[in-house]
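Chain by chain, the residues:
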Amino acid sequence: MLEWGVRIKNFQSGSIMECMQGVRDIYDYTDAMLTNSLFLDFLKLNGLKIYRGSTTRQIVGVTFDYGTRSYEEEKKHIDKLITERGETEKLVQLRDQCEANKDKYKHYSPAEIREKFYCDGFDIVYPRGEKIHYKMLYRSVAKAKKGLCMFIDQRLYKKAHDFLWMGIRLPKKNAPIVEIGAYSALITSTIVDRIQINPDDVLILKDVDSFFKTN
């Protein structure tokens, strides 16, 4: 096991959706790291599969930078490339594939893909036929502006979700979704070491209102 964490992949949502539609067979992704944290400790003790001592497929990052094209949009895009670069073998192959899959294309904006993935999750098919269904687990506060979200294998979802939320159940009305989303991600923060503290040694104070005058 690498000392600094476990290697994972950050996928582009548009490429996942296109693979699910059947109009492409290669995912766009970058390599990333799930750094050491109390959350990673928990996952290791609760069934996280780690390959070759340093990599896992059971948790992935997803970025929503682009959506998917309709058939008409894809055809226009390929025709433009052919006009600019000429009829290369690769572009002709892409045009033929586009025609063969014309009924499979459907336009989705990044926001539409985000909503769909948040609600329904998604599938990724790996080499040798392994298919994993992922569910949205948490959105890192530090990555909120970039829209990076973490998804986890549905087989680990309940354990991981309960651990992050510490068993808290939100009310059906006026639920503090934003607040618990921010706080539940804190336990995934990078750590450099671990210490044990007796709960009886922790001093908890009630909130105090502080008043002062200022210009």
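Above this text is the structure in question.
Residues numbered from 1 in each chain as written. Predicted model: local features only at pLDDT ≥ 70, side-chain atom pairs only at ≥ 80, totals over all residues. Heavy atoms only, no water.

**Q** So what's going on with the sheet that holds strand E3 (residues 59-63)? Which residues, and what values?
**A** The sheet built from six strands is open, its strands ordered E2-E1-E3-E6-E5-E4 with mixed pairing. Strands with a single pairing partner mark the edges of an open sheet, and in this sheet they are strand E2 (29-35) and strand E4 (122-125). Here the average twist between neighbouring strands, direction ignored, is 40°. One ladder, built from four bridges, connects E3 with strand E6 (residues 149-153); its direction is antiparallel. Counted as the bridge partner of valine 62 is cysteine 149 from E6. (Pairing = 2+ DSSP bridges. Helix = DSSP H or I, 4+ residues; strand = E, 2+ residues; numbered from the N terminus. Axes fitted to C-alpha atoms, helices over the stretch in contact; angles between N-to-C directions.)

**Q** Pulling in residues and values, what's your account of the pattern of salt bridges?
**A** Side-chain pairs of opposite charge can arise whenever the charged atoms involved come near each other. According to the stated counting rule, one finds 11 salt bridges in the structure shown. Two residues, glutamate 18 and arginine 24, come together in a salt bridge whose shortest N-O distance is 2.9 Å. The exposure class assigned to glutamate 18 is buried, which follows from its relative accessible area of 11%. Through salt bridges with shared partners, a single ionic network connects Glu18, Arg24 and Asp28. (Salt bridge = Lys/Arg side-chain N within 4 Å of Asp/Glu carboxyl O. Buried < 20%, exposed > 50% of the residue type's maximum accessible area, 1.4 Å probe, protein only.)

**Q** Describe unusual backbone geometry, naming the residues involved and giving the relevant values.
**A** If you check the backbone angles, methionine 166 has positive phi at about 55° while not being a glycine. Within the fold, methionine 166 resides in the loop between helix H6 (154-165) and helix H7 (177-184). Unusually for a residue other than glycine, asparagine 174 sits at a positive phi of about 55°. Looking at the element boundaries, asparagine 174 is found in the loop between H6 and H7.

**Q** Could you give me a rundown of the packing of helix H1 (residues 13-21) against helix H5 (residues 110-120), with the residues and numbers involved?
**A** Taken N-terminus to C-terminus, the directions of H1 and H5 make an angle of 70°; their axes are 10 Å apart at the nearest point. Classified by the angle their axes make, H1 and H5 are roughly perpendicular. Here Ser13, Gly14, Ile16, Met17 and Met20 of H1 lie close against H5, whose contacting residues are Ile113, Lys116 and Phe117. (Parallel < 35°, antiparallel > 145°, perpendicular 65-115°, else oblique. Contact = heavy atoms within 4.5 Å.)

None of this, on its own, says anything about what the molecule does.
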